[in-house]
Amino acid sequence: MKKLTALALAGCMAVSLAACGGSASTTPASSEAASTESAATSAAESAAESVTEATQGGKVGVCIYKFDDAFMTTYRNALQEILEGKGYEVTIVDGNNDQAKQNEQINTFITQGVDALIINPVMTSAADQIISTVKGADVPTVLINREPTADQMSAYDKLVYVGCDAAQSGTFQGELILDTENKGDINGDGKVSYIMIQGDPENIDAQLRTEYSVKALTDAGVEVEQLDLQRGDWDRNKGQEICQNDLAKFGDQIEVVFCNNDDMAIGALQAIQAAGRTVNKDIYLVGVDALDAAKNEVANGNMTGTVLNDAKGQATQAVASMEELLGGKTFEAGNQSVYVDYVKVTPDNVKDFQ
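Quick caveat, the model's predicted, so the values are computed rather than measured.

The space that makes up the second largest pocket amounts to roughly 200 Å³. Along the walls of the second largest pocket sit Phe71, Thr74, Asp289, Ala290, Leu291, Asp292, Lys295, Leu308, Asn309, Asp310, Ala311 and Lys312, which together make up its complete lining. Of all the elements in the fold, those that place two or more residues in the lining of the second largest pocket are helix 4 (70-85), helix 12 (292-299) and helix 13 (311-326). Across the lining of the second largest pocket, the residue classes tally to 5 nonpolar, 2 polar and 5 charged.

Below, the structure written as structure tokens:
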């Protein structure tokens, strides 16, 4: 193959080139060519350029769980821009939230001879099958946004997960409430009464955001009361419907609305406003993703805050990790996850992100 030939030539030209193999870093990794270039002689620089040419310009298949997810739309657009800017031939497909359809798409990409795959699984429970398929075809693969277990990923050393630590995003949501003047206890009864609008409960991000947003409060010594927890499937309309029903049922008892993502939070905001409630005065509302619409609502005082899920940063790291795999790097079991930090977005700093 062209890539292997170039790598072999690079090795002959400069023994100082880094060997293939090793474990993943938990910080964004630079490409093999770039790291070699900074420390090598002019001969090694030429070799590194050969490696770079070899690892760019190939065919990349990208599988997204569904196109009408607002966050994944931002993510896939960033991926496409970065990959095409590097000269890759990119095909991005919509799984329509159907795992069977996505499995077919993965098989089609393999049949077409793609050099690498970037996959946003429809279901994390399908990770074993996905990993078995790409391993059998020996296709370097980056999983994004929905993280399998370390045991599942250990089955294939040409596999890496790039994402964020969902527990951190949940913790940051809780801290946004703790940073309010009354720590979420608007009615002063000594406890924070909340509703939780969850994404897909099968998704590890939804599980961890749900758990750690509340844990941040209890770890700070705040008593909590869960009034309701319902599945909103990351959907704005469902977020609006759930919040509307809960406001009708629980009324002023609701002090905090936790949403696993911004789309559901914006839906919840519509219900809050329709019910005559005012965010940051008689109710608090937090989300995750820092979508443009959510940042505007934070700036306008209509959301207490959100948490930046850095789509561009993750897309950049996903491509960097893909290029490491194409360059011959393998990832050791237990070191196959690369994380990009979340950031709290508040009325005080939202302008920095707009």
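Let's shift gears to the packing of aromatic side chains. As enumerated under the stated definition, the model contains 2 aromatic pairs in all. The positively charged end of Arg76 is found above the aromatic ring belonging to Phe67, 3.8 Å away from the centroid. The residue whose ring lies beneath Arg146 is Tyr65, and the NZ or CZ to ring-centre distance is 3.8 Å.

Of all hydrophobic cores here, the largest spans 59 residues; its most connected members are Val257, Leu285 and Met322. Those residues in contact with Met322 that sit more than four places away from it in its chain are Val60, Leu83, Tyr88, Ala116, Ile118 and Val142. Counting residues in hydrophobic clusters, the runner-up holds 19 residues, among them Leu178, Tyr194, Met196 and Val286.

Bringing helix 12 into the picture now. Because each turn of an α-helix spans 3.6 residues, side chains separated by three or four positions end up pointing in the same direction. Along helix 12, the residues that are buried comprise Ala294, Lys295 and Val298. One side of helix 12 holds all its buried residues, which, seen down the axis, span an arc of 100 degrees. The inward-facing, buried residues of helix 12 contact helix 11 (262-274), strand 10 (306-308) and strand 12 (343-345).

Attention shifts here to the sheet that holds strand 8 (residues 256-259). Strand order in the open sheet formed by 4 strands is 7-6-8-9, and the pairing between neighbours is parallel. Only two strands of the sheet have a single neighbouring strand rather than two, namely strand 7 (224-231) and strand 9 (284-286). Going from strand to strand, the sheet's axes swing by 15 degrees on average, the running direction of each strand aside. Pairing of strand 6 (residues 192-198) with strand 8 involves 4 bridges; the strand directions are parallel. Bridging across to strand 8, Met196 finds its partner in Phe258. The sheet contacts of helix 9 (residues 204-219) involve strand 6, strand 7 and strand 8, and relative to strand 6 the element is tilted by about 170 degrees.

With that settled, the discussion passes to empty space enclosed by the protein. What the rule picks out here adds up to 1 cavity of 30 Å³ or more. Its volume calculated, the largest cavity comes out at about 120 Å³.

With the rule as written, the count across this model stands at 16 salt bridges. One salt bridge in this structure joins Glu175 and Lys344, with 2.8 Å as the shortest N-O distance. With Glu175 in helix 8 (residues 166-178) and Lys344 in strand 12, the pair connects residues that are 169 residues apart, well separated along the chain. Taking relative accessible area as the criterion, Lys344 reaches 24% and is therefore assigned partly exposed.

Reading the values: rules and limits
- Positions within a chain are numbered from 1, following the residues in the order the chain's sequence is written.
- With pLDDT at 70 or above as the cut-off, local features in this predicted model cover only qualifying residues; side-chain atom pairs require 80 or more to be listed or tallied, and sums for whole chains, interfaces and linings still use all residues.
- For side-chain calculations, the full set of non-hydrogen atoms in the structure is used, while hydrogens and water are omitted.
- We place a 1 Å grid over just the protein atoms. Points where a 1.4 Å probe fits but has no way out form a cavity, open points with protein on both sides within 12 Å along at least 5 of 7 lines form a pocket, and any residue with an atom within 4 Å of a point lines it.
- Grid points are joined across faces, edges and corners, and a volume is the space filled by probe spheres set on the points.
- A helix here means a DSSP run of H or I that spans at least four residues, while a strand means a run of E at least two residues long, and both kinds are numbered starting from the N terminus.
- Residue polarity follows a fixed list, in which Ala, Val, Leu, Ile, Met, Phe, Trp, Tyr, Cys and Pro are nonpolar, Asp, Glu, Lys and Arg are charged, and the others, Gly among them, are polar.
- Any Phe, Tyr or Trp ring, taking Trp's six-membered ring, that has another such ring centre within 6.5 Å forms a pair; planes under 30 degrees apart are called stacked, those over 60 apart edge-to-face, and the others tilted.
- Distance and angle both matter: a charge sits over a ring if NZ of Lys or CZ of Arg is within 6 Å of the ring centre and within 35 degrees of the ring normal.
- By convention a nonpolar core is built from buried Ala, Val, Leu, Ile, Met, Phe, Trp, Tyr and Cys residues, the set being connected through side-chain atoms within 4.5 Å.
- Burial classes: relative accessible area under 20% of the type maximum marks a residue as buried, over 50% as exposed, and values in between as partly exposed (1.4 Å probe, protein chains only).
- Every residue pair with non-hydrogen atoms within 4.5 Å of one another is taken to be in contact.
- Think of it as the arc spanned by the lines of direction from the helix axis to the C-beta atoms.
- Here, a strand pair is defined by DSSP locating no fewer than two bridges between the strands.
- Angles run from 0 to 180 degrees between N-to-C directions of axes, and those axes are lines fitted to C-alpha atoms, restricted for helices to the stretch in contact.
- A side-chain nitrogen of Lys or Arg and a carboxyl oxygen of Asp or Glu constitute a salt bridge if their distance falls within 4 Å.

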